[in-house]
Structure formats: structure tokens, C-alpha cells
Amino acid sequence: MPTRPYVIDEMISAKTIAARVEELAREITAHFQDTNKLVVVGLLRGSFVFIADLVRELDLPVEVDFMEASSYGDATHSSREVRILKDLRGEIAGRDVLVVEDIVDTGHTLKHVLTLLKARKPARIEVCALLDKPTRREVAIKATWTGFEIPDRFVVGYGIDFAQRNRNLPHIGAVRFTDGDDQ
Ligand code: PRP
């Protein structure tokens, strides 16, 4: 599908992201220091770059698993239907779990995923989100660790897409449309 013309303004550099990922990993390592084996759950697709960098900075025994959720918005409603397109391969009952998200926006995806995973009775479950747009929140939910709080801009890069493009940018950029209309 053709998109409107746009340019990408750098918002968070690759170097700044790398430094923050190191800090987050230190805090997560300290938090789960006594874990037997941490299950790190990446929410596809947007988290694939972040989880790859984050797990390599964790000084813990880890297992990596993935889930894919898809959310269907309804402009007139704050409730959204979240569907699980891919479930975990492994069991998490009695395990320590870290859910890794690229961005928390309305919060519906994370809320749905956490409700589902908590029902499986993990020993501990925490969330690390790279980005948070608190002004967009529709349900009360917050990640345990957040990389960066950002304003309500359309962002791409470091795993995050615009119409499936730009996931491979090494930094986080803000989309700016160049056809004269506001976003
Ligand atoms: C994005 C993002 C989060 C979710 C956040 O996923 O990766 O999972 O939306 O939005 P919410 O807080 O409003 O629920 P998207 O559905 O774009 O899929 P993707 O990760 O495959 O790009």
C-alpha cells in the first residue's frame, strides 16, 4: 500500500539506545540475580532488535521465547480486541519471566498479554519496554522498566515499523510527513 511521503528525524541515537540498554540490563540482572533461569519473552514483531541487544547484556541464565499479538482498534471505543497470533513454545508456570516490548502506547496489547501470562502462574513476571508514550494510555498499565518516555510522535526504527518499513534503522526516528498535512 503506498504511503504518504515522509522523512525521518532522528529522535534517539543508536549510541544513546545502547547506553540505556546497558543500564536496563544492569537493573534487570540485579532484580533477577537469584533466578534459576529467566524466560525472556519478546513480543513480535517490534521487539526483535531490542530483545537481541538486551539479552546479550544480561548477566543471567536466560531462555528466549516469543509471542505475537495483534490489536484491532476501534476509533469510537477505548476497548480493543487483542489476538494472539503466536503463543510461547515453553511453559512458564513457576518460572521467572521478563516480557520485552518495543513500545507501550494505549497499553491494550501489554495488558492483554500480561493477563494471559499471569494466568499461567509464573513465579515472577516483569516488563521491560524500550519506549513509553504515557500520553496515549487508555488502560492503566506501566512497564517495570522503561527505556525512554517519548511524546506522541509516530516513531520508527530499532525494530519499529511504519507500514512494515524502517524496522532496520539503527536509531529511533520520528516520522514527519512532507505533503503539508499534519500527522
Ligand atoms: C505495536 C507495538 C506494541 C503495540 C503497542 O505492535 O509493538 O506491541 O503496538 O500498542 P498498544 O499499547 O496501543 O497496544 P504492532 O501491532 O504494530 O505490531 P508489530 O510489533 O508487529 O509491529
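The present account deals with the structure reproduced in this document. Computed from a predicted structure; not experimentally measured.

1. Focus on helix H2 (residues 48-57)
Of all the residues in H2, the buried ones are Val49, Phe50, Ile51, Leu54 and Val55. Among the structural elements, helix H1 (14-31), strand E2 (38-44), strand E3 (62-72), strand E5 (96-104) and strand E6 (124-132) are those in contact with the buried residues of H2.

2. Some details on the site of the ligand
Around the ligand there are 14 residues in total, and Glu101, Asp102, Thr106, Gly107 and Thr109 lie nearest to it. Contact distances for the ligand include 2.8 Å between an oxygen atom and a backbone N or O atom of Arg45. Contacts to the ligand include Asp105, whose backbone N or O atom sits 2.8 Å from an oxygen atom. Listed by contribution, the elements that provide at least two residues to the shell around the ligand are E5 and helix H3 (108-118).

3. Regarding the sheet that holds strand E9 (residues 172-177)
The strand order E1-E9-E8 describes an open sheet built from 3 strands, whose pairing is antiparallel. Every other strand in the sheet has two partners, leaving strand E1 (6-12) and strand E8 (155-156) as the edge strands with one partner each. Judged from the 6 bridges that link them, E1 and E9 form a sheet pairing that is antiparallel. When the bridges of E9 are listed, Val7 appears paired with Arg176.

4. Focus: the environment of Leu110
Residue position: Leu110 is located in helix H3. Other than its neighbours up to four places away in sequence, Leu110 contacts Val99, Glu101, Val104, Val127 and Ile141.

5. Structural notes on the packing of aromatic side chains
Overall, the coordinates contain 6 aromatic pairs when judged by the stated rule. With a centroid separation of 6.3 Å and 70° between ring planes, the pair formed by Tyr6 and Phe177 is classed as edge-to-face. Separated by 171 residues along the polypeptide, Tyr6 in strand E1 and Phe177 in strand E9 bring together distant segments of the chain. Residues Tyr6 and Phe177 agree in their burial class; the two are buried. With centroids separated by 4.8 Å and ring planes inclined at 75°, the aromatic side chains of Phe154 and Phe162 adopt a geometry described as edge-to-face. The class of Phe154 is partly exposed, set by a relative accessible area of 32%. These aromatic residues form a ring-pair network of at least three members: Tyr6, Phe154, Phe162 and Phe177.

What counts, and where the lines are drawn
- Residues numbered from 1 in each chain as written.
- Predicted model: local features only at pLDDT ≥ 70, side-chain atom pairs only at ≥ 80, totals over all residues.
- Heavy atoms only, no water.
- Buried < 20%, exposed > 50% of the residue type's maximum accessible area, 1.4 Å probe, protein only.
- Helix = DSSP H or I, 4+ residues; strand = E, 2+ residues; numbered from the N terminus.
- Contact = heavy atoms within 4.5 Å.
- Near = heavy atom within 4 Å.
- Polar contact = N/O pair within 3.5 Å; in protein donor to acceptor, adjacent residues only side chain to side chain.
- Pairing = 2+ DSSP bridges.
- Phe/Tyr/Trp six-rings, centres within 6.5 Å; stacked < 30°, edge-to-face > 60°.

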